[in-house]
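Structural overview
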Amino acid sequence: MLWRVYKIKEYINITRCYKCHAYGHVSKHCSATQTCECCSSPDHLHEKCPTRTKPKCPLCTRFKRKDTNHSVRSKECPEYKRQLELYKDKVQWT
């Protein structure tokens, strides 16, 4: 009998809307206006953003946080971290 060792990593998927960039729903069910994920402006999309090099998180802007100088995709976003903790609290760890 052969024993094998496999490395596994827990997969955590937090649903985020690509229209308003909020967590908990998808763009198909979103009634908000489309906003740019770089600068949180409703006037244009990510592809045509003039401030691509200076990101401004739309979620942190919406919640009036002090630090908004990061991408909405950043793992260091305070709102992402909050949603991650909420997700972990819901899971029954055994």
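Per chain, residue numbering runs from 1 following the sequence as it is written. Under the rules for a predicted model, residues below a pLDDT of 70 receive no local features and side-chain atom pairs below 80 are neither given nor counted, while totals for whole chains, interfaces and linings still include all residues. Water and hydrogen atoms play no part in the side-chain values, which are based on all heavy atoms of the structure.

1. Here we look at the overall build of the protein
Note the following rule: Working definition: helices are DSSP H or I runs of at least four residues, strands are E runs of at least two. Numbering for both runs from the N terminus. For this measure, only C-alpha atoms enter the radius of gyration; the expected value for a globule follows 2.2 Å times N^0.38, where N is the number of residues. Throughout, exposure labels follow a simple rule: accessible area from a 1.4 Å probe, protein chains only, divided by the maximum for the residue type, with under 20% read as buried, over 50% as exposed, and the rest as partly exposed. Contact between two residues is taken to exist if any of their heavy atoms lie within 4.5 Å; hydrogens are not considered. Methods summary: accessible areas were calculated by the Shrake-Rupley approach with a probe of 1.4 Å, and residue burial reflects only the protein chains presented. In summary, the charge assignment counts Lys and Arg as positive and Asp and Glu as negative, without counting His or the chain termini. All charge positions are set by atom: Lys at NZ, Arg at CZ, Asp at CG, Glu at CD.
In terms of helices and strands, the protein carries two helices and zero strands. For 94 residues, the compact-globule estimate of 2.2 N^0.38 gives 12 Å, and the protein exceeds it by more than 25% at 17 Å. Oriented by its inertia axes, the alpha-carbon framework of the protein measures out at about 65 × 30 × 25 Å. Relative to its 94 residues, the protein shows a buried fraction of 32%. Put simply, 21% of the contacts in the protein that link residues at least 6 apart link residues at least 24 apart. For the protein, the exposed surface amounts to about 7,700 Å²; the carbon and sulfur share of it is 53%. Between the averaged position of the 20 positive side-chain charges in the protein and that of its 9 negative side-chain charges there is a distance of 3 Å.

2. Focus: the UniProt feature "domain: CCHC-type" (unreviewed entry) in the protein
The criterion, for reference: UniProt positions are given in the numbering used here, feature names are shortened, and annotations may be inferred rather than shown by experiment.
Under the local residue numbering, the UniProt record ascribes the feature "domain: CCHC-type" (unreviewed entry) to residues 16-30. What you have in residues 16-30 is 0% helix and 0% strand, and the ends, taken at the C-alpha atoms, are 11 Å apart.

3. Thoughts on the pattern of salt bridges
Heads up, the rule is: The salt bridge definition used is simple: a Lys or Arg side-chain nitrogen within 4 Å of an Asp or Glu carboxyl oxygen.
Using the criterion set out here, one finds four salt bridges in the structure. A salt bridge links K81 to E76; its shortest N-O distance comes to 3.1 Å. Given a relative accessible area of 41%, K81 falls into the partly exposed group. A salt bridge links E79 to R82; its shortest N-O distance comes to 3.0 Å.

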